[in-house]
Amino acid sequence: MKHSIGKIGTGLAMLGLLALPACHRQMSDTALEREKAAIRDVIVQETTAYYKQDYAAWKSTYVTKPYFREHGYWDGFPEKVRIYNSFAQLDSLKKKQFDENKTVWQTAVVARSNENFRIYGDVAWYTSDQISSDKNTGKLLGRSVDIRILEKEKGKWKIAYLGFYYLPEKGN
């Protein structure tokens, strides 16, 4: 009996996965563009709040649940890779960082390209290439590939997963 239930469960899961692209296609072009704009807005809001060290605005862009995840690589991190397996882990570090005025790249501007969206009801994933540069000097600060999984909370997109991978500078 367990074997048969396992097959049914696997079959239902597969049907669910097959239905996801159908949900994406059923959205009108206007609705899809509206959702993309809302996703871009929350990502820009998160980045802007981070560089301005506006803790409340920054935090408001995230799902603050234990299932939140952040995985990032930057050669500037002493440990190179950072992993946060709940929002609480990230939140305590960022609150302290903002309070101590230690946010890196406070004068940065960001340009995103190569955007890719997939939206499935109240869940979406977004990827982009990102170039960060100093707004005063134009100096390149870093190039990264970013991944975000978002979900809607009370009708607003919030970041549930953040992945970023800063590419090593040429010559390193």
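(A) Fine view of the packing of aromatic side chains. A full pass over the atoms with the stated rule returns 16 aromatic pairs. Three or more aromatic residues link up through ring pairs in this structure, and these residues are Y50, Y51, Y55, W58, Y62, F68, F87 and F98. Taking the ring centre of Y55 as reference, the NZ or CZ of K95 above it sits at 5.0 Å.

(B) Seen up close, unusual backbone geometry. For K80, which is not glycine, the phi torsion reads 70° and is therefore positive. In this structure, K80 sits in the loop between β1 (69-73) and β2 (81-84). Positive phi values are uncommon outside glycine, yet N101 reaches one of about 60°. Tracing the backbone shows N101 in the loop between α4 (87-99) and β3 (108-120).

(C) Spatial organisation of a nonpolar patch on the surface. A cluster of nonpolar side chains, V123, W125 and I149, forms an exposed patch at the surface whose accessible area comes to about 230 Å². Looking at the element boundaries, V123 is found in strand β4 (residues 123-134). For V123, a relative accessible area of 40% puts it in the partly exposed group.

(D) Local environment of α4. Between its terminal C-alpha atoms α4 stretches 18 Å, which fits the 18 Å expected from 13 residues at 1.5 Å a residue. Buried within α4 are the following residues: F87, L90, D91, K94, Q97 and F98. Down the axis of α4, the buried set is contained in an arc of 135°. They therefore lie on one face. Looking at α4, the residues exposed on the side facing more than 90 degrees away from the buried face are A88, S92 and D99. Buried residues along α4 sit in contact with α2 (29-52), α3 (55-59), β1 and β2.

(E) Looking closely at the nonpolar core. Formed by 28 residues in total, the largest nonpolar core has its most connected members in I39, W58, Y62, L150 and W157. Among the secondary structure elements, those contributing two or more residues to this core are α2, α3, α4, β3, β4 and β6 (156-166). Residue contacts for W58: discarding those within four places in its chain leaves E46, A49, Y50, F87, L90, D91, K94 and F98.

(F) Representation of the side chain of Q53. Counting through the fold element by element, Q53 comes out in the loop between α2 and α3. Dropping the residues within four chain positions of it, Q53 is found in contact with Q97, F98, N101, K102, T103 and Q106.

(G) Summary view of the sheet that holds β4. Pairing in this open sheet of six strands is mixed, and the strands run β2-β1-β6-β5-β4-β3 from one edge to the other. Edge positions in the sheet fall to β2 and β3, since each has one partner strand and no second. When strand polarity is set aside, the average angle formed by the axes of neighbouring strands in this sheet is 20°. Contacting β1 and β2, α4 runs over the sheet at an angle of about 120° to β2.

(H) Quick peek at the environment of D54. Its location among the elements puts D54 in the loop between α2 and α3. D54 sits in the partly exposed class, given a relative accessible area of 37%. The spacing of D54 and D99 is 45 residues in sequence and 9.6 Å in space, taken between C-alpha atoms. Look past the residues within four positions of D54 in its chain and what remains in contact with it is A49 and F98.

What counts and what doesn't
- Residues numbered from 1 in each chain as written.
- Predicted model: local features only at pLDDT ≥ 70, side-chain atom pairs only at ≥ 80, totals over all residues.
- Heavy atoms only, no water.
- Phe/Tyr/Trp six-rings, centres within 6.5 Å; stacked < 30°, edge-to-face > 60°.
- Lys NZ or Arg CZ within 6 Å of the ring centre and 35° of its normal.
- Helix = DSSP H or I, 4+ residues; strand = E, 2+ residues; numbered from the N terminus.
- Patch = residues over 30% accessible without salt bridge, like charges linked within 9 Å, V, L, I, M, F, W, Y side chains within 5 Å.
- Areas by Shrake-Rupley, 256 points an atom, 1.4 Å probe, with all protein chains shown as cover.
- Salt bridge = Lys/Arg side-chain N within 4 Å of Asp/Glu carboxyl O.
- Buried < 20%, exposed > 50% of the residue type's maximum accessible area, 1.4 Å probe, protein only.
- Expected span 1.5 Å × (residues − 1).
- Arc of directions from axis to C-beta.
- Contact = heavy atoms within 4.5 Å.
- Core = buried A, V, L, I, M, F, W, Y, C linked by side-chain atoms within 4.5 Å.
- Pairing = 2+ DSSP bridges.
- Axes fitted to C-alpha atoms, helices over the stretch in contact; angles between N-to-C directions.

Without other data, these values stay purely geometric and don't point to any function.
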